[in-house]
Amino acid sequence: MATLSLQHIDKIYDNNVQAVFDFNLDVKDGELIVLVGPSGCGKSTTLRMVAGLEDISAGRLFLDGKDITVTPAKDRDMAMVFQNYALYGHMTVYENMAFSLTLRKENPNVIHKKVLAAAEILGLTSQLNKKPAQLSGGQRQRVAMGRSIVRNPKVFLFDEPLSNLDAKLRGATRREILLLHKRLGATMLYVTHDQTEALTLADRIVCMSMGYVQQVGTPLELYDSPANTFVAGFIGLPPMNFYDMTVSAGELAGEGFKVALTAEEQDTLRAYNGKTIILGVRPEDIAEGPDVPVTVTTNENLGMNTLVHGHIGASKAASAKISAKLKGWCDYKNGDTVTFSFKRKHFFDKETTNAIRKGE
């Protein structure tokens, strides 16, 4: 397939609004990279620059070592799957999938073989004579993917392809994309605002906010060792809990509660003694225990787990809210009091919001 290299990419529009700042990324051959972040963070703009649908304001883009920064989209040997499928309603599934090859005046026998092969991969063999209007949303998305597969491009680009599907279809189609990637061994860039898609699909994730790359790493790296509070709060569901805490001898002191520190945690926070930091705790790293008093507001039973939401102590301030993901079935009611313990803690600098690491 192909390698991609984005080097110091900027996007500045004619009205001087900058959408992407100094984007750097090297994509390995056959790697599935997911760009994730909230709406307006610059992820789709970055994908469109790679595709050649948006001009690159500064920086260079390389495909297999060749500079394609100003190469027209049609000459980049990339295929893009759009959010809205972009199918031709008057054409059959077969004709839609064959369209790009027909334009290139490929041999009809070659086209036929490629369309049938792609249809078999995607489970569309029985749908080839139907029009898009006769298909479900998931089937239409598979047709859009099939149209890309028959081109055998160097790079596949996906722009929020599942956002128009319902939850059940999203899950099924997500698995199909993952199987497709494994089967083709293709280089793929995939844009989404859904962190579940990012965590389940990606070899590596690029987390973006306000045009800047916040962190690049494997799904486990972003979940387990977030670079800052933005990544920590964006990756993970429910999101991480954050509290302002003062570091003192052997403990953290917050509003209405204290948390003991292990010897290793004290060593990590040695330079912050007497200062205020941000404590981060994932809901799944909270368990029933003797340390933190909580007043329950809502209790969500999910079968194997229960989401418990409340406030620390008697405070109802937003800064005292807490969400815990407990194992098993719990029957807490509004107003119940319970005590929790934090099994794992993340620490962030109050001024920079960057993670505090041992030895840094």
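Description of the structure in this document. The model shown is predicted, which means the values in this text are computed figures rather than measured ones.

## Some thoughts on the overall build of the chain
The helix and strand tally for the chain stands at nine helices and 19 strands. Projected onto its principal axes, the C-alpha coordinates of the chain cover approximately 75 × 45 × 35 Å. Each of the 360 residues in the chain was classed as buried or not, and the buried ones make up 48%. Considering only contacts in the chain between residues 6 or more positions apart, those separated by 24 or more positions represent 67%. For the chain, the computed accessible surface area is about 17200 Å², with 51% contributed by carbon and sulfur atoms. Side-chain charges of the chain comprise 41 positive and 40 negative groups, with the mean position of each set lying 7 Å from the other.

## Structural notes on the sheet that holds strand β15 (residues 286-301)
As summarised here, the arrangement of the four strands in space is β17-β16-β15-β18, forming an open sheet in which the pairing is antiparallel. Since the sheet does not close on itself, it has two edges, and those belong to β17 (321-327) and β18 (337-342), each with one partner. Across the sheet, the axes of successive neighbouring strands diverge by a mean angle of 50°, strand direction being ignored. Sheet analysis places β15 next to strand β16 (residues 305-312), joined by seven bridges and oriented antiparallel. Each residue of the ladder has a partner; that of Val294, found in β16, is Ile312.

## Notes on the sheet that holds strand β14 (residues 276-281)
Strand order in the open sheet made by the five strands is β13-β12-β11-β14-β19, with antiparallel pairing throughout. Each edge of the open sheet is held by one strand with a lone partner, namely β13 (258-260) and β19 (346-349). The sheet shows a mean angle of 40° between the axes of neighbouring strands, direction not considered.

Reading the values: the criteria
Residues numbered from 1 in each chain as written. Predicted model: local features only at pLDDT ≥ 70, side-chain atom pairs only at ≥ 80, totals over all residues. Heavy atoms only, no water. Helix = DSSP H or I, 4+ residues; strand = E, 2+ residues; numbered from the N terminus. Buried < 20%, exposed > 50% of the residue type's maximum accessible area, 1.4 Å probe, protein only. Contact = heavy atoms within 4.5 Å. Areas by Shrake-Rupley, 256 points an atom, 1.4 Å probe, with all protein chains shown as cover. Lys, Arg positive; Asp, Glu negative; His and termini not counted. Charge placed at Lys NZ, Arg CZ, Asp CG, Glu CD. Pairing = 2+ DSSP bridges. Axes fitted to C-alpha atoms, helices over the stretch in contact; angles between N-to-C directions.

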